Amino acid sequence: MTRLPPEPSRFAALLRRFRTARRMSQLDLALACNISARHLSFLETGRASPSRDMVLELAEGLVLPLGERNTLLQAAGFAALFPASPLTSDVLGPFREMLSEMMARHAPYPALLCDRHWNLLVANPVAALLLSSLTADSGESNLIRILTASGAAEAAIANYGEMLAEMHGRIRLEALEAAADPVLEDLMEALNAACARHGISPGSQARSPLLPLILRSPAGELRFLSAIAQFGTSEDVTVRDLRLELLFPANDATKAAIRAIAAEASGHPLP
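These lines cover the structure that appears in this document, whether it is placed above or below. Just so you know, these numbers come straight off a predicted model, no measurement behind them. (Residues numbered from 1 in each chain as written. Predicted model: local features only at pLDDT ≥ 70, side-chain atom pairs only at ≥ 80, totals over all residues. Heavy atoms only, no water.)

Let's shift gears to the environment of alanine 229. As for its position among the elements, alanine 229 is in strand E4 (residues 222-229). A C-alpha to C-alpha distance of 5.0 Å links alanine 229 and leucine 244, two positions 15 residues apart in sequence. Apart from residues no more than four positions distant in its own chain, alanine 229 is found in contact with Leu242, Arg243 and Leu244. (Helix = DSSP H or I, 4+ residues; strand = E, 2+ residues; numbered from the N terminus. Contact = heavy atoms within 4.5 Å.)

Put into structure tokens, the structure is as follows:
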């Protein structure tokens, strides 16, 4: 395998950044990777260059997502190991079919497909209709930005404070898992600012066993429970980063209202 020109300073800086984000000491990471702390120190200062296997061992010790493992490999002068196929590519055709079937089977209830940064990629018709009431035609497609910056979302979500606290906890965990992802860090800042504006302290919020999303609508309050699917068996970065969120009616009134909304949108009564 041909090695690309290495970037020692970039690799060293990334390694330190990922380790710090994981809140690991050099000794912690050295023990996890079965190397000496001295050698790890040399890698972090650029005094030593890693082999490809060493980069992968470090990435494993840091429990990095696949995309960050590629980034660390490239910074050390090696080719990326994990593919990042466009979702529209032929190779992901069978996976797209599976996603389409999952979303179709979920109809008429809302389903949304997002990337790791909660940018909306696909929404089924009912989900798109409900989202339009949250965005006020702003064109914003990031679900966290919609929640934190849209006055329409604040007005439409009856339990806005609870949802803000819930998403704060979720994105905080995802940011920790991702290890120094600047986009997730920016989303956390937006959530922190929104919580501060509304006097919400997420860590001290009382939590109920089931937290529904409650939307105000002309048909009355719509209550949904959410299930989020991720796809961990693939070695493709794109697939690993996807989130499929399925919203289920939390009561009979919501179930009936959604079926009526879906029927009106399609022009055909649902069975």
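The subject of this paragraph is the pairing of E4. Along any regular strand the residues' side chains alternate between the sheet's two faces. Relative to E4, strand E3 (residues 213-215) runs antiparallel, the two being bridged by three bridges. Paired with isoleucine 214 across the bridge in E4 is arginine 223. Taking the residues that link successive antiparallel strands as the turn, the E3-E4 hairpin has six residues, and the phi of glycine 220 there is positive, at about 105 degrees. In the sheet, E4 pairs with strand E5 (residues 243-249) via six bridges, with the strands oriented antiparallel. Each residue of the ladder has a partner; that of alanine 229, found in E5, is leucine 244. (Pairing = 2+ DSSP bridges.)

This part covers the state of the cysteines. If you walk through the whole model with that rule in mind, you get zero disulfides. The thiol of cysteine 195 is not disulfide-bonded; the next cysteine sulfur, from cysteine 114, is found 19 Å away. (Disulfide = S-S within 2.5 Å.)

Soluble globular proteins tend to bury their nonpolar side chains together. Among the nonpolar cores identified, the biggest contains 40 residues, and Ile157 and Ile171 are the most heavily contacted of them. With eight residues, the single largest contributor to this core is helix H10 (residues 160-178). Residues within four places of isoleucine 171 in sequence aside, it is in contact with Trp118, Ile144, Leu184, Leu187, Met188 and Leu191. Judged by nonpolar contacts, the second largest core, of 26 residues, contains Phe11, Leu14, Met54 and Leu58. (Core = buried A, V, L, I, M, F, W, Y, C linked by side-chain atoms within 4.5 Å. Buried < 20%, exposed > 50% of the residue type's maximum accessible area, 1.4 Å probe, protein only.)

Our focus in this paragraph is helix H11 (residues 182-197). With 16 residues, H11 should reach 22 Å at 1.5 Å per residue; the first-to-last C-alpha distance of 23 Å fits that figure. When H11 is considered as a whole, its buried residues turn out to be Leu184, Leu187, Met188, Ala190, Leu191, Ala194 and Cys195. Within H11, the buried residues cover an arc of 160 degrees as seen down the axis, which keeps them to one side. Seen from the buried face of H11, the exposed residues on the opposite side, beyond 90 degrees, are Glu189, Ala196 and Arg197. Two residues or fewer after H11 comes glycine 199, characterised by a positive phi angle close to 65 degrees. (Expected span 1.5 Å × (residues − 1). Arc of directions from axis to C-beta.)

Let us now look at the side chain of arginine 69. Mapped onto the secondary structure, arginine 69 falls in helix H5 (residues 66-75). Once you skip the residues sitting within four places of it in the chain, arginine 69 turns out to touch Ala59, Glu60, Val63, Leu64 and Phe82.

All right, on to the environment of alanine 79 then. By the secondary structure assignment, alanine 79 is in the loop between H5 and helix H6 (93-106). When its relative accessible area of 37% is taken as the criterion, alanine 79 is described as partly exposed. Considered as a pair, alanine 79 and arginine 52 are 27 residues apart in the sequence and their alpha carbons are 9.3 Å apart.

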